[in-house]
Structure formats: structure tokens, C-alpha cells
Amino acid sequence: MTAVSAFFYRKPRLRLGFLLSAPLLWLGLAYLGALAALFVTAFWHTDTFTGQVVVDWSLDNFRTLFTDAVYRTITFRTVGIAALVTVIDAVIAFPMAFAMAKLASPRAQRILVIAVMTPLWASYLVKAYAWRSMLSGNGALSWLSPGYGVTATIITLSYLWLPYMILPIYAGLDRLPDSLVDASGDLGARSFRTFRSVILPLTFPAIVAGSIFTFSLSLGDYIAVKIVGGTSQMLGNVVYDNIGAANNLPFAATVATVPVVIMLAYLAAVRRTGALDNL
């Protein structure tokens, strides 16, 4: 045992690889393996009489997904909602994060961080149904949304994912040296110019990091739209309905590949911004 310990002590990289082998193996089987199974299943179909999955390779599911106007509409609606939720959260989160990082005292910062994280401790369903109650016809905030629908879904999702936008931006602003802001003011720049030329460019990776959370979580959500969306549907609802009531697992897998592909493309696009370093 001593000889083995000494061998690994002299080989730090080998020791690190040995320690990471188990979690990486689990990641490969549980996550990447599940994605591979999902992609493969998307090329099969379900027998309409027996309801059994038939291993018969074809592109019929993808053809239906891309040619049917209903699914195209749902796809565009889902991406639009996810993008709008991300923009709303960024607009709300930035001033809040700036006040936390640059204006509050160290003690107040800790209190504010806890206050931002507190909603995350509450149940998702409790928060969603609370918004359903507030946006109902007799609710306190019924004037925000004309009944249940896309607007109510956007409002609810924006609230649910707001902390995931605030915290990365707060971390980015907290790392921003005050000397840069002071230097900009000393050189004659006004507040807006300092924000546009100094603060925003340096914290943009943190904003993008927050957007990864808000965009992906909104893209795959199906519970909130069930609660406050009325008759509106998102991609998550199509997946859920085809797994449950329709019992069409191959088509559900086909629809589920859409947000996966969108997120892979989004991550590839933001990788160059350094946003992934802020996660």
C-alpha cells in the first residue's frame, strides 16, 4: 500500500485522473448515454395499433416536426419566450446586482445575497401557483396579463429564473475593480459613458453566463405553461404529452432534440465570450 501511495504521489496527473474516473464514467453513462439513447429513439416510430415502439429507422418524425405548421409555431414560440425571459431578467438583474456589488456595504451585501437566494428555497410549484393566483381575474396583479397565456408564462418564468441571472452578474461586478470606474470619471466620462465603455464590456461575460441559465431553463420548462399558460404550448408540453397521453416515445424524443440542439448551438456561440468561465 505504501508503494502504491508513493507511486501516485509522484504522478499527480495520474492521481487526478484516477480520482476523476468514477464521476466521469457516471457522467458518460447517465448523461451522455441518455442523450445518445434519446437521439437514437427519435429515428424509430410507434405502432398505431399496438402502441409499441418499432425499431424501424426513418426520418418521418423529423419530417413531421419540420413540416407541420403547429410544431413550427410551438418551436418559435418556445424560443421567443426563452429569449424574452432572458432579456427581461437581464434588464431587471443588472441594476440590482450593481447595487449589491458597488453600493451596498459588505454586511448589506451578504444580506442581499441571501435575500436573492431565498426564493430558490421555496418549491417551484408554490411559486408558480402563487403567480397563477395573482394573475387570475380577481388577482392582485391581474392587470399585468389579459388572462392566462403567453404573457402570464413570460412573467412567471421571469420571476422563477431571476436569481440565476442576478448572481452571475453580481459576481462579475464584484470582481470589477473600482479603480477602473474612478479612472473613467477622472477622465471626464459621465455615468452613461462609463457604463457603456467600461462596466458593460467587462461584465458582459457574466451577463451571458446568466443568460445560459435563464434561456435553457425557460427553453425546457413545461410546468409553468401548464399552470399559467392557458391553451398555449411550449416544446416541453409536446414532449410531456407524447410520453404520457399519446404514448409516442419516438416523437417525444424527436421534439426533445430541438432544445438540445438549440442549447448546443448557443453554448458554441457564447464560448468565445468567456462566459463559461463565470459559471
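Each value, and the rule that gives it
- Residues numbered from 1 in each chain as written.
- Predicted model: local features only at pLDDT ≥ 70, side-chain atom pairs only at ≥ 80, totals over all residues.
- Heavy atoms only, no water.
- Helix = DSSP H or I, 4+ residues; strand = E, 2+ residues; numbered from the N terminus.
- Buried < 20%, exposed > 50% of the residue type's maximum accessible area, 1.4 Å probe, protein only.
- Contact = heavy atoms within 4.5 Å.
- Areas by Shrake-Rupley, 256 points an atom, 1.4 Å probe, with all protein chains shown as cover.
- Phe/Tyr/Trp six-rings, centres within 6.5 Å; stacked < 30°, edge-to-face > 60°.
- UniProt positions renumbered as here; feature names shortened; annotations may be inferred.
- Expected span 1.5 Å × (residues − 1).
- Arc of directions from axis to C-beta.
- 1 Å grid on protein atoms, 1.4 Å probe; cavity = no way out; pocket = protein on both sides within 12 Å on 5 of 7 lines; lining within 4 Å.
- Points joined across faces, edges and corners; volume = space filled by probe spheres on them.
- Nonpolar A, V, L, I, M, F, W, Y, C, P; charged D, E, K, R; others polar.
- Patch = residues over 30% accessible without salt bridge, like charges linked within 9 Å, V, L, I, M, F, W, Y side chains within 5 Å.
- Salt bridge = Lys/Arg side-chain N within 4 Å of Asp/Glu carboxyl O.
- Axes fitted to C-alpha atoms, helices over the stretch in contact; angles between N-to-C directions.
- Left-handed = near helix turned anticlockwise from the far one by under 90°.

**A word on the overall build of the protein**
Right, so step 1: Within the protein, the secondary structure is distributed over 12 helices and 2 strands.
Right, so step 2: Seen in sequence order, the protein has helices and strands lined up from the N terminus as α-α-β-β-α-α-α-α-α-α-α-α-α-α.
Right, so step 3: Across the 279 residues in the protein, those meeting the buried criterion constitute 35%.
Right, so step 4: Within the protein, residue pairs in contact and separated by at least 24 positions form 67% of the contacts whose partners lie at least 6 positions apart.
Right, so step 5: Of the roughly 16,400 Å² of accessible surface on the protein, a fraction of 68% belongs to carbon and sulfur atoms.

**Details of the packing of aromatic side chains**
Right, so step 1: Under the defined criterion, the tally for this structure stands at 12 aromatic pairs.
Right, so step 2: Centre to centre, the rings of Trp131 and Tyr159 are 5.6 Å apart; their planes meet at 55°, and the pair counts as tilted. Taken together, the positions of Trp131 in helix 6 (residues 124-134) and Tyr159 in helix 7 (residues 150-175) put the pair 28 residues apart, joining distant regions of the chain.
Right, so step 3: By way of ring pairs, the aromatic residues Phe39, Phe43, Trp44, Trp57 and Phe62 are connected into one cluster.

**Some thoughts on the UniProt feature "transmembrane region" (unreviewed entry) in the protein**
Right, so step 1: Those residues carrying the UniProt feature "transmembrane region" (unreviewed entry) are residues 16-44, 74-99, 111-130, 150-173, 194-215 and 249-269 in this numbering.
Right, so step 2: Its end C-alpha atoms 38 Å apart, residues 74-99 is made of 100% helix and 0% strand.
Right, so step 3: For the annotated span residues 194-215, helix accounts for 100% and strand for 0% of the residues, and the straight-line distance between the end C-alpha atoms is 28 Å.

**Some points on helix 5 (residues 106-117)**
Right, so step 1: Look at helix 5: 17 Å from first C-alpha to last across 12 residues, which is about the 16 Å you get at 1.5 Å a residue.
Right, so step 2: Restricting attention to buried positions, one finds in helix 5 the residues Gln109, Val113 and Val116. The buried residues of helix 5 occupy one face: seen down the axis, they fall within an arc of 65°. Set apart from the buried face of helix 5 by more than 90 degrees, the exposed residues are Arg107 and Arg110.
Right, so step 3: The inward-facing, buried residues of helix 5 contact helix 4 (69-103) and helix 7.

**Side note on the environment of Val270**
Right, so step 1: Mapped onto the elements, Val270 comes out in helix 12 (residues 249-270).
Right, so step 2: C-alpha separation for the pair Val270 and Ile212, spaced 58 residues apart in sequence, amounts to 8.9 Å.

**Some details on the layout of surface pockets**
Right, so step 1: The space that makes up the largest pocket amounts to roughly 290 Å³.
Right, so step 2: The wall of the largest pocket is formed by Tyr31, Leu35, Ser216, Leu219, Gly220, Pro259, Val260, Met263, Leu264 and Leu267.
Right, so step 3: Of all the elements in the fold, those that place two or more residues in the lining of the largest pocket are helix 2 (12-41), helix 9 (191-220) and helix 12.
Right, so step 4: Looking at which element gives the most residues to the lining of the largest pocket, the answer is helix 12, with 5 residues.
Right, so step 5: Along the lines of polarity and charge, the residues of the lining of the largest pocket split into 8 nonpolar, 2 polar and no charged.

**Digging into a nonpolar patch on the surface**
Right, so step 1: Together, Leu84, Val87, Val91, Ile92 and Met96 make up a nonpolar patch on the protein surface, roughly 410 Å² of accessible area in all.
Right, so step 2: Position of Ile92 among the secondary structure elements: in helix 4.
Right, so step 3: Assessed through its relative accessible area of 37%, Ile92 is described here as partly exposed.

**Side note on the pattern of salt bridges**
Right, so step 1: One pass over the full model with this rule turns up 2 salt bridges.
Right, so step 2: Across the salt bridge formed by Arg63 and Asp60, the nearest N and O atoms sit 2.6 Å from each other. One end of the pair, Arg63, and the other, Asp60, are both in helix 3 (residues 60-67), 3 residues apart, so they sit about a helical turn from each other.
Right, so step 3: Residue Arg63 is classed as partly exposed on the basis of its relative accessible area of 46%.

**Overview of the packing of helix 6 against helix 7**
Right, so step 1: In contact at an axis separation of 10 Å, helix 6 and helix 7 are set at 145° when each is read in the N-to-C sense. Along this stretch, helix 6 crosses helix 7, giving a crossing that reads as right-handed. Contacts between helix 6 and helix 7 involve Tyr124, Lys127, Ala128 and Trp131 from the former and Ile155, Thr156, Tyr159, Leu160 and Trp161 from the latter.

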